[in-house]
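Residue strings, one per chain:
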Amino acid sequence: MNKRSSWALPYFIFLVLFVVLPLVMILFYALQDGSGHFTLNNVTKFFTDKDALGTFALSIEVAIENTLLCIAIGYPAAYILADNKLNRSAVTVVLFILPMWINALMRTLATAELFTMAGVQLGKGTLLFGMCYDYLPFMIYPIYNQLKKMDKSYSEAAQDLGATPGQVFRKVTLPLSMPGVWSGVMMVFMPTVSTFAISEFLTNNKIKLFGTIIQENINNSMWNYGAALSFIMLIIIGLTTLLQGDQEAEETSGGLI
Amino acid sequence: MNAKKVIAKAYLWLVLIVLYAPIAFIVIFSFTEAKSLGNWTGFSTQLYANLFTGSMQNATGLQSAVINTLLIALAASIVATVLGTVAAIGIFHLHGRKKQTMTFLNNIPMINPDIITGVSLFLLFVFLGISQGYLTVILAHITFCTPYVVLNVMPKLRQMNPNIYEAALDLGATPAQALRKVLVPALRPGMISGFILSFTMSLDDFAVTFFTRGTIGLDTLSTYIYADARKGGLTPELKPLMSIIFLIILVVLLVINIRQSKQQNDNL
């Protein structure tokens, strides 16, 4: 009797056409040679290509380091922001998420310029710090959201039952805030692996990340190899999403502003 | 004020200072004439004047990049808001497997990094032989914006009394009337935040635009900055432009948030 469920149909068709089909295209092109014949060469080429493998390993390493750095700096910030006793101002929260709305390329260029002016050599160190600038708000915001909607009576109960503040944090607050940390990881880890312009600016083209090789291949009309590299990235996305499981199921439903 | 609070405040301010250093840097150096960032040659508003009078190198390039960015963001976020709202109503009334499938599909564009969205759509357009330009960029932006509209409208549907819509129909409203007079007013806050989110994400996008704009020389602000920086010399007028954009965003966000927290206080 409920015909409103059919309202999902146009979007379903849209998603199949412009989300599912394009992903199938990645596989389609990855498994083809230049003249349209089926081949596995593009995928095997990656596993024998020392440069590509090295870049891939470096990208994963930088992404892990950047994610950990963002958690290390972002978690305490989110914790303080969400604590009514430590921070009562909504404006401070806005100030923390505001940089997300500034053009990332422009911010990155300015960061690189700041490093140069301070006499710091552009390289892996600046890459890591610059990335952390760029992605920190994306880590702080989901953790803040999760902590904010947490039922305070849990930690109060733990306190009443004799837990020390350290124990309350370790056994109650931290586990309950993990879904927020996971969404933060999703918003920081994959974008770090796949970024191209940002890493180019921050290292003056000295260090390439995985996104840069994909972009170079696609732009130089080597679509099939580019597609194969994208496919490998898709597999990693699939794995991280599986790892995350259903943790985030509901908590992304709030507005971002 | 106890020690814990002082340390907490100090930490927040330290992170904020570091976070804003590059932005402050742009704003400060927008008030000098030097060509390169970080070169101070005395206070001047020349760059602002250049920006508004168009007396600068490649003024038309930058102007059309700004106009393109705004038009694309406007078109994409309007379509995404309509499509996403209708979809959210549909998904809300789905059950079981179908609902799971739609939720899963809706999550894909949000999980996919920009480069995957960009490359996959690029390959699709190549495969279908569609020439790329404004239309493909707008389409691509709709793809990554709509899921956020769905997510913003969904909570409003949950809060709504499901019987009101039925009541409107029972009282003789056509479905179109019921949509306009009952559903849309109830969902409006979610639609507005979905729209604003879409608009800002579209403004900020680089990778997806980069892959779907084709070869007709279509530039948005992001691709313009990228090409400019790769050429070596960044157009100095970008500094005042960025400062102005930053100021507008700051004011809009602060106004929205202060109004929201006022409303919440009123409701209490």
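Here is what the cut-offs are and how they apply
Residues numbered from 1 in each chain as written. Chains lettered and ligands numbered in written order. Predicted model: local features only at pLDDT ≥ 70, side-chain atom pairs only at ≥ 80, totals over all residues. Helix = DSSP H or I, 4+ residues; strand = E, 2+ residues; numbered from the N terminus. Buried ≥ 20, exposed ≤ 12 C-beta atoms within 10 Å, placed from the backbone. Expected span 1.5 Å × (residues − 1). Bend = angle between axes of the 7 residues up to and from the residue. pLDDT = per-residue confidence, 0-100. Contact = placed C-beta atoms within 7 Å. Nonpolar A, V, L, I, M, F, W, Y, C, P; charged D, E, K, R; others polar. Axes fitted to C-alpha atoms, helices over the stretch in contact; angles between N-to-C directions. Parallel < 35°, antiparallel > 145°, perpendicular 65-115°, else oblique. Left-handed = near helix turned anticlockwise from the far one by under 90°. Core = buried A, V, L, I, M, F, W, Y, C linked by C-beta atoms within 7 Å.

Novice: When you look at the overall build of chain A in this model, what are you seeing that I'm missing?
Specialist: Summing up its helical and strand segments, chain A has 11 helices and 0 strands in all. For chain A, the succession of helices and strands along the chain, N to C, is α-α-α-α-α-α-α-α-α-α-α. Along the first, second and third principal axes, the C-alpha atoms of chain A reach 70 × 70 × 30 Å. Here chain A, with 257 residues, has 44% of them falling under the buried criterion.

Novice: Explain the overall build of chain B to me, please; I cannot follow it from the model alone.
Specialist: On a plain count of helices and strands, chain B comes out with 11 helices and 0 strands. Element order for chain B, N to C, with α for helix and β for strand: α-α-α-α-α-α-α-α-α-α-α. Dimensions of chain B, computed from the C-alpha atoms along their principal axes, are close to 70 × 65 × 35 Å. Counting the 268 residues in chain B, one finds 43% classified as buried.

Novice: Got a minute to help me understand helix α3 (residues 50-82) of chain A in this structure?
Specialist: Along an α-helix, residues three or four positions apart point the same way, because every turn accommodates 3.6 residues. Counted at 1.5 Å a residue, the expected span for α3(A) with its 33 residues is 48 Å, and the 46 Å between its end C-alpha atoms agrees. Where α3(A) bends most, at A:Gly74, the angle is about 30°, and the proline A:Pro76 comes one to four residues later.

Novice: Please clarify how the environment of A:Thr92 should be interpreted in this entry.
Specialist: Residue and element names in this part refer to chain A. Along the polypeptide, Thr92 turns up in helix α4 (residues 90-97). According to the C-beta neighbour criterion, Thr92 is partly exposed, with 16 such atoms within 10 Å. Sequence separation of Thr92 and Lys3 is 89 residues, and the distance between their C-alpha atoms is 45 Å.

Novice: Can you help me understand the confidence of the model for chain B in this one?
Specialist: Close reading of the predicted structure is inappropriate where its pLDDT is low. Per-residue pLDDT for chain B has a mean of 86; in total, 96% of the residues score no lower than 70. The ipTM value of the predicted complex is 0.85, and its pTM value is 0.85.

Novice: Looking at this structure, how should I read the interface of chain A and chain B?
Specialist: Quoted interface sizes are often the accessible area lost when the parts come together. At the interface, 71 residues of chain A touch 66 residues of chain B. Residue contributions to the side of chain A that touches chain B peak at 14 residues, all from helix α1 (residues 9-30) of chain A. Here the side of chain A that touches chain B is composed, by residue class, of 53 nonpolar, 15 polar and 3 charged.

Novice: What is the right way to read the packing of helix α10 (residues 210-219) of chain A against helix α11 (residues 223-244) of chain A from this model?
Specialist: To describe two helices that pack against each other, one gives the angle between their axes and the distance between the axes. Residue and element names in this part refer to chain A. α11 packs onto α10 with a crossing angle of 155° between their chain directions and a minimal axis gap of 7 Å. With respect to each other, α10 and α11 are oriented roughly antiparallel. In the crossing of α10 with α11, the sense of the turn from one axis to the other is left-handed. Residues Phe210, Ile213, Ile214, Asn217 and Ile218 of α10 lie in contact with α11, whose contacting residues are Trp223, Tyr225, Gly226, Leu229, Ser230 and Met233. Here the residues of the contact of α10 with α11 are counted per class, giving 8 nonpolar, 3 polar and no charged.

Novice: Any chance you could explain unusual backbone geometry here in plain terms?
Specialist: For residues besides glycine, phi is generally negative; the peptide bonds are generally trans as well. Positive phi is not limited to glycine here, since A:Ser221 has a value of about 65°. By the element assignment, A:Ser221 lies in the loop between α10 and α11.

Novice: Would you mind showing me how to read the environment of A:Lys124 here?
Specialist: If you trace the backbone, A:Lys124 turns up in helix α6 (residues 124-148). In this structure A:Lys124 comes out as partly exposed when scored by C-beta crowding, with 16 C-beta atoms within 10 Å.

Novice: Could you clarify how one ought to interpret the confidence of the model for chain A in this entry?
Specialist: Residues and elements named next belong to chain A. On average, residues of chain A score 83 in pLDDT, and 94% of them reach the 70 mark or higher. The secondary-structure element of chain A with the lowest mean pLDDT is α4, recorded at 79, while α1 shows the highest, at 92. Below pLDDT 50 for its whole length, residues 248-257 participates in 22 contacts with residues either more than four positions away or in separate chains.

Novice: It is not clear to me how the nonpolar core should be interpreted in this structure. Could you clarify?
Specialist: Here is a general trend for soluble globular proteins: nonpolar side chains tend to be buried in one another's company. Within the largest apolar cluster, 143 residues are counted, with the highest numbers of intra-cluster contacts made by A:Ile26, A:Ala78, A:Ile140, B:Val119 and B:Leu123. Counting residues per element, this core draws most heavily on helix α6 (residues 134-159) of chain B, which supplies 13 residues. Residues within four places of B:Leu123 in sequence aside, it is in contact with A:Pro22, A:Met25, A:Ile26, A:Tyr29, A:Trp223 and A:Ala227.

Novice: I'm lost on the environment of A:Ile97 in this one. Help?
Specialist: All names here are of chain A. Summarising the element assignment, Ile97 is placed in helix α4. Separated by 40 residues in the primary sequence, Ile97 and Pro137 place their C-alpha atoms 5.4 Å from one another. In this view, Ile97 contacts Pro137 and Tyr141; residues no more than four positions away in its chain are not counted.

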